[in-house]
Amino acid sequence: MKTIYAKLLFVFVLIFMIGCLHYQDAITFIKSNYQAQNNQKDYIVKVKTKSKTLEIPLEEYLVGVVAGEMPVSFEEEALKAQVVASRTFVLSRKMNVDNTTNSQVFLTDSQMKKNWGNQYKENKEKVEKAVKETSYEVMTYQGKYISAMFFSSSNGKTVNCEDYFNGEVAYLKSVDSHWDLTIDPGNIRYKTFTKTQLANAFGVKSPNIEVTSHTESGYVKNVTVNGKTYTGREVRERLGLASSCFQIDLTSKGYKFTTKGSGHGVGMSQYGAQAMAKENKSYKEILHHYYQNVEIKRIDS
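These remarks concern the structure in this document. (Residues numbered from 1 in each chain as written. Predicted model: local features only at pLDDT ≥ 70, side-chain atom pairs only at ≥ 80, totals over all residues. Heavy atoms only, no water.)

Okay, the packing of aromatic side chains next. Aromatic ring pairs: the centre-centre distance and the angle between the two ring planes describe each pair. With the rule as written, the count across this model stands at eight aromatic pairs. Between Phe202 and Tyr230, the ring centres sit 5.1 Å apart and the planes meet at 65°, which makes this aromatic pair edge-to-face. Placement of Phe202 in helix α9 (residues 195–202) and of Tyr230 in strand β11 (residues 228–231) is noted, with a sequence separation of 28 residues between them. Across the pair, exposure class does not vary: Phe202 and Tyr230 are buried alike. (Phe/Tyr/Trp six-rings, centres within 6.5 Å; stacked < 30°, edge-to-face > 60°. Helix = DSSP H or I, 4+ residues; strand = E, 2+ residues; numbered from the N terminus. Buried < 20%, exposed > 50% of the residue type's maximum accessible area, 1.4 Å probe, protein only.)

This is how it looks when you write it as structure tokens:
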């Protein structure tokens, strides 16, 4: 009897080990030389990709995120602001994210090499410096990690959270970001739709579209299409517009949409951060401007 139990136990352990091996195939742990060199704690971020889940030490993850989310040519203080925002964001998501704009774009080391070419070493060192000089700093509001949203550029003002997403958030209120209009070379964009294209987008035969209201910060709040009301966000997403700040003009070629800014407009403007850095503002001043009444502190403090 003991022999039978021993054999069953052996079979069970063997099956368990095989299952673990298959599970490990789906998870790749990226060893971080950067983190080891800086004696940093072992906070691990799980990044879901199309084919696998990567497990990446937090501060190493941030190097890849800043490389993917902000032009490395930006000023160091702007990069630092992005690091703190991105670190806070991933911690608010309990360090479980994907590598798309739904969470934060993350570039692997090989992707950075491909994008930067001969400037790889110089660029990566610049980003690593921004990460190291803000080591483990995060933003909190009433003792909790904030949802540190950010976007590319605005129409001159950021958006109240409740005007784009659901629910009011005390630290995500509309603030001035006038710099965006001049510092962002792609702030104003144009996109034209034929009558048929617009009709297909909204499932109507002959489109009759009109902006009916705006938010306090100048973004489109509501639009009617053949009597049906849509939010500015819904129209932006249906038509793939750069932002929800747009005007519509009927031209000989179709319906011309002119947009200002790029992104949802809530939280920190990256081009605004760049402009503030150029005005010799520190990363903390940038963060306090875009996120109201937050506290900047180290995780371990």
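Continuing now.
Our next topic: the pairing of strand β2 (residues 44–48). Alternating positions in β2 separate cleanly, Val45 and Val47 being buried on one face and Ile44, Lys46 and Lys48 remaining unburied on the opposite face. Bridge count between β2 and strand β3 (residues 53–57): five bridges; the pairing is antiparallel. Note on β3: the bridge partner recorded for Lys48 is Thr53. In this structure, the hairpin formed by β2 and β3 is closed by a connection of four residues. Of the pairings in the sheet, the one linking β2 to strand β4 (residues 96–98) comprises three bridges and is parallel in character. Looking at the pairing, Lys48 lines up with Asp98 of β4. (Pairing = 2+ DSSP bridges.)

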